[in-house]
Amino acid sequence: MNRDPGCIFCRIASKEVGAKIVYEDEKIMAVEDVNPQAPVHLLVIPKSHIPTLQDIGDEESGLMDTLFQVIKRLAKDRGLSEKGYRVVVNCGPAGGQTVYHLHLHLLGGRNMKWPPG
Ligand code: 5GP
Ligand code: ZN
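If you're wondering where the values come from, they're calculated on a predicted model, not measured in any experiment.

Our focus in this paragraph is the site of ligand 1. With respect to spatial proximity, 16 residues lie near ligand 1, and among them Asp33, Asn90, Thr98, Val99 and His105 are the closest. A distance of 2.5 Å is found between an oxygen atom of ligand 1 and a side-chain nitrogen or oxygen belonging to aspartate 33. At 3.2 Å from an oxygen atom of ligand 1 is found a main-chain nitrogen or oxygen belonging to glycine 96. A total of 520 Å² of accessible area belongs to ligand 1 in isolation, and the protein chains cover 82% of it. Of all the secondary-structure elements, those providing two or more residues to the shell around ligand 1 are α1 (8-13) and β2 (28-32).

Here we come to the coordination of the zinc ion (ligand 2). Bound to the zinc ion (ligand 2) on the protein side are Cys7 (SG), Cys10 (SG), His49 (ND1) and His101 (ND1), at distances that span 2.0 to 2.3 Å. Around the zinc ion (ligand 2), the four donor atoms sit at angles spanning 104 to 117 degrees, and that spread fits a shape best called tetrahedral. Every donor residue of the zinc ion (ligand 2) comes from the same chain, spaced as C-x2-C-x38-H-x51-H.

Parameters at a glance
Residues numbered from 1 in each chain as written. Chains lettered and ligands numbered in written order. Predicted model: local features only at pLDDT ≥ 70, side-chain atom pairs only at ≥ 80, totals over all residues. Heavy atoms only, no water. Near = heavy atom within 4 Å. Polar contact = N/O pair within 3.5 Å; in protein donor to acceptor, adjacent residues only side chain to side chain. Areas by Shrake-Rupley, 256 points an atom, 1.4 Å probe, with all protein chains shown as cover. Helix = DSSP H or I, 4+ residues; strand = E, 2+ residues; numbered from the N terminus. Donors = N, O, S within 2.8 Å, 3.2 Å for Na, K, Ca; no water. Tetrahedral: all angles 85-135°; square planar, octahedral: opposite > 155°, others 65-115°.

Pasting the structure below:
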């Protein structure tokens, strides 16, 4: 497992730093966002340190599939399947990424606006 000791999500994955973990398996975890932007705001995070979407290797092509399977399951658990929800991946500085360890935001429980800010 690729780990960066200075990375907050790696430190959450290794349980050095606490977080409200709502799903976990060998490769993936999902946590409550510490600064929620919607009634449901979860982060689905591969445990391995991959800085951005652009850094997903060709040999890891199945990773996003797996992350979206977890999104789907969590959305169902939180009662979002019918009304809908939003999935966001911020990538790089212009994308508004602040934590450089790949993660998907699952946002729901309110109506989302378009275009995003
Ligand atoms: P980004 O802007 O990189 O797409 O999103 C990073 C997200 O991580 C933000 O929504 C921010 O609130 C969340 N975050 C940052 N630090 C922590 C932390 O220590 N714990 C948790 N649970 N979320 C965090
Ligand atoms: Zn990391």
